[in-house]
Amino acid sequence: MLQIRADLVEEIMAHAREEHPHEACGMIAGPEGAERPERFFRMRNAAKPSGDAAAEEREQAHRALVLGEAHAEYEGERRSSLTYYTWDVKERLRAQREMDAADEWPVVIYHSHTRSPAYPSQVDIDVASGPANDPRIHYVIVSTRPDAEPRVHGHDLRSFRIVDGVVTEEEVDVVETYMFAHTGADDVPDLG
Ligand SMILES: [Zn+2]
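Residues numbered from 1 in each chain as written. Predicted model: local features only at pLDDT ≥ 70, side-chain atom pairs only at ≥ 80, totals over all residues. Heavy atoms only, no water.

Looking up the protein chain in an unreviewed UniProt entry gives the name MPN domain-containing protein, with the organism given as Pseudonocardia hydrocarbonoxydans.

Moving on, we come to the nonpolar core. Proteins that are soluble and globular tend to have nonpolar side chains buried together. One finds Ile4, Ile12, Met27 and Val140 to be the most contacted residues of the largest nonpolar core, which totals 38 residues. For Met27, the residues in contact, after removing those within four places along its chain, are Arg39, Phe40, Phe41, Met43, Trp87, Arg92, Ala95, Met99, Pro106, Val108, Ile109 and Tyr110. (Core = buried A, V, L, I, M, F, W, Y, C linked by side-chain atoms within 4.5 Å. Buried < 20%, exposed > 50% of the residue type's maximum accessible area, 1.4 Å probe, protein only. Contact = heavy atoms within 4.5 Å.)

When the terminal C-alpha atoms of helix α3 (residues 89-101) are compared, their 18 Å separation across 13 residues agrees well with the 18 Å that a helix rising 1.5 Å per residue should span. Residues of α3 that are buried: Glu91, Arg92, Ala95 and Met99. Along the long axis of α3, the arc covered by the buried residues comes to 100 degrees, so they all point the same way. Every exposed residue of α3 that faces more than 90 degrees away from the buried side is listed here: Lys90, Arg97, Asp100 and Ala101. Buried residues belonging to α3 abut β2 (25-31), β3 (39-43) and β6 (104-113). Its side-chain oxygen 3.1 Å from the backbone nitrogen of Lys90, Asp88 forms the N-cap of α3. Two residues or fewer after α3 comes Asp103, characterised by a positive phi angle close to 55 degrees. (Helix = DSSP H or I, 4+ residues; strand = E, 2+ residues; numbered from the N terminus. Expected span 1.5 Å × (residues − 1). Arc of directions from axis to C-beta. Polar contact = N/O pair within 3.5 Å; in protein donor to acceptor, adjacent residues only side chain to side chain.)

Most of strand β8 (residues 157-163) is tucked away, with five of its seven residues classed as buried. With four bridges joining them, strand β7 (residues 138-143) and β8 adopt antiparallel strand pairing. Of the residues in β8, the one forming a bridge with Val140 is Ser159. Pairing analysis gives five bridges linking β8 to strand β9 (residues 166-170), with the strands arranged antiparallel. Among the inter-strand pairings, Ile162 is bridged to a residue of β9, identified as Val167. (Pairing = 2+ DSSP bridges.)

Right, dumping it as structure tokens:
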């Protein structure tokens, strides 16, 4: 189960709506040793045209490598930021360094689908199944397509664990605060 604060859910949706019809992506970090998303990282979808020709060329080469022949197209159309997201590698590294320095990990990695349902695509599954991926990550997908179905907090939002190509959907519990929602052993009142 993913437990997540309502304000973070709203921030994911706000980001997704701002980027629509491009896919939005980001992470929510939390303290190591807990499954508590707290610190929001809005990331850039590097597949989105930036106007910087050199950066776009780098990104396209990277995209061709990640997607390969099988996933280069979606519904007969060449993949772009409308149907695909990828990290800006430098930005992703910077965020990771910040998390490492704060003893945090990316509890949630989110992205949006702007045309399709909030379910991992084969590309999402392949990317999440890479050897460098932490199996603890909660992959949140939201959909901003016109016929989106309100599922969680009025939004088309779902959460998945993706390990070795296997997708497992999990329940999403939206809370106002983690203070009273916490069920770990350290929940015992401190009498000191
Ligand atoms: Zn996706």
